[in-house]
Amino acid sequence: MDKPKIALITGANRGLGLETARQLARMGHQVILTSRNESDGQLAVETLDSEGLQVDYQRLDVSEIASIESTKDHIAGKYGRLDILVNNAGIYLDRGSPALTVDEDMVKRTFDVNFYGPLRTCQAVFPLMQSGGYGRVVNVSSGMGALADMGGRMLGYKASKTALNARTRILAGEVKDDNIKVNAVSPGWVRTDMGGAGASRNLEDGASGIIWAATLPDDGPTGGFFRDGEAIDW
Ligand code: NAP
């Protein structure tokens, strides 16, 4: 492997975020595992430690700019650069709700985490990528955000991921000359708290496409929407 990368992951105390932290740490990268709840995050750090994987920890709530700024300052002071950002934190509040009657506040809260969260995090940490001349940003999206496959219900969750996909393309275009790749990844339907026990994929398989996008070579794609490393319809 080239020199280890510095990787920041949001919502990494459980589910796909924790599995992404595990896989990146196993590859020898320096992971900064973050969570909105400190004790949950410390438990995740201990779990990885018991597997022989040491990671750095920061409390980061993507709804709280102060915690994002404090994480950025920590990374700047300790590492001087950031190479990988996995915008993984997400919520799915309007499960099953019809768009005609969905609570507006629920839609706003969903956008705050799923769309504005990655926006805030990217805006804060991008200078740490740009100054290093390297960056891999993975926006953990969903097939439910694809306009090609919308169907009814779950307006807040679906539209927040569609907006995240649009932001992926816009940002990728802005930084294409900085060796920073910005891609959206659908993990498929994965057995996590969000996906439920009946989901078709295990954590390892769900995270593999995220790892692929987080470790792309310099000639890899940017501004795309992928599952398992294959382009999918927007
Ligand atoms: P999960 O098990 O429910 O985990 C979600 C994570 O996001 C948790 O760590 C949660 O922290 C964190 N989070 C929520 N709000 C946050 C905030 N304001 N700030 C920081 N962290 C916050 O879900 P998952 O299945 O691993 O999902 C991870 C990502 O994959 C999400 O973006 C989701 O939309 C996407 N995805 C999942 C599936 C699936 O089938 N599982 C399918 C498509 C896309 P707490 O523990 O504090 O709540």
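Residues numbered from 1 in each chain as written. Predicted model: local features only at pLDDT ≥ 70, side-chain atom pairs only at ≥ 80, totals over all residues. Heavy atoms only, no water.

Asker: So what exactly am I meant to see when it comes to the sheet that holds strand E1 (residues 6-9) here?
Answerer: Hydrogen bonds between backbone atoms are what pair the strands of a sheet, whose relative direction is either parallel or antiparallel. The strand order across the open sheet formed by 8 strands is E3-E2-E1-E4-E5-E6-E7-E8, and the pairing between neighbours is mixed. With one partner strand each, in any of the chains shown, strand E3 (56-59) and strand E8 (230-231) form the two edges of the open sheet. Pairing of strand E5 (residues 135-140) with strand E6 (residues 180-185) involves 6 bridges; the strand directions are parallel. Each residue of the ladder has a partner; that of Asn139, found in E6, is Ala184. (Pairing = 2+ DSSP bridges. Helix = DSSP H or I, 4+ residues; strand = E, 2+ residues; numbered from the N terminus.)

Asker: What should I look at first to understand the environment of Val102 in this one?
Answerer: Its place among the elements puts Val102 in the loop between strand E4 (84-87) and helix H4 (104-130). Here the alpha-carbon distance between Val102 and Asn165, two residues 63 residues apart in the chain, equals 22 Å. Leaving out residues up to four positions away in the same chain, Val102 has contacts with Asp94, Ser97, Val107 and Leu155. (Contact = heavy atoms within 4.5 Å.)

Asker: Where do I start with the packing of helix H1 (residues 15-26) against helix H2 (residues 38-50) in this structure?
Answerer: The geometry of a pair of packed helices is captured by two quantities: the angle between their axes and the separation between those axes. At a closest axis distance of 11 Å, the pairing of H1 and H2 adopts a crossing angle of 35°. At the point where H1 passes H2, the crossing takes the right-handed sense. Counting all contacts with H1, which are made through Leu18, Ala21 and Arg22, the residues of H2 involved are Ala44, Thr47 and Leu48. (Axes fitted to C-alpha atoms, helices over the stretch in contact; angles between N-to-C directions. Left-handed = near helix turned anticlockwise from the far one by under 90°.)

Asker: Where do I start with the site of the ligand in this structure?
Answerer: Around the ligand sit 28 residues, and of these Asn13, Arg14, Arg36, Tyr157 and Thr192 come closest. The separation between an oxygen atom of the ligand and a polar main-chain atom of Gly90 is 3.4 Å. A distance of 3.5 Å separates an oxygen atom of the ligand from a polar atom in the backbone of Gly188. Going through the elements one at a time, H1 and helix H5 (155-174) are the ones with two or more residues in the shell around the ligand. Tallied by class, the residues present in the shell around the ligand amount to 12 nonpolar, 11 polar and 5 charged. (Near = heavy atom within 4 Å. Polar contact = N/O pair within 3.5 Å; in protein donor to acceptor, adjacent residues only side chain to side chain. Nonpolar A, V, L, I, M, F, W, Y, C, P; charged D, E, K, R; others polar.)

Asker: Before we go on, may I ask you to explain helix H3 (residues 65-78) in this structure?
Answerer: Each α-helix winds once per 3.6 residues, and so residues spaced three or four apart point in a common direction. In this model, H3 (14 residues) spans 20 Å end to end at C-alpha, consistent with the 20 Å of a helix rising 1.5 Å per residue. For H3, the complete set of buried residues consists of Ser67, Ile68, Thr71 and Ile75. Looking straight down H3, one finds its buried side chains confined to an arc of 105°; they lie on one side. Of the exposed residues in H3, the ones pointing more than 90 degrees away from its buried face are Ala66 and Gly77. Packed against the buried residues of H3 are E1, strand E2 (30-35), E3 and H4. Looking one or two places after H3, you find Gly80, whose phi comes out positive at around 75°. (Expected span 1.5 Å × (residues − 1). Buried < 20%, exposed > 50% of the residue type's maximum accessible area, 1.4 Å probe, protein only. Arc of directions from axis to C-beta.)

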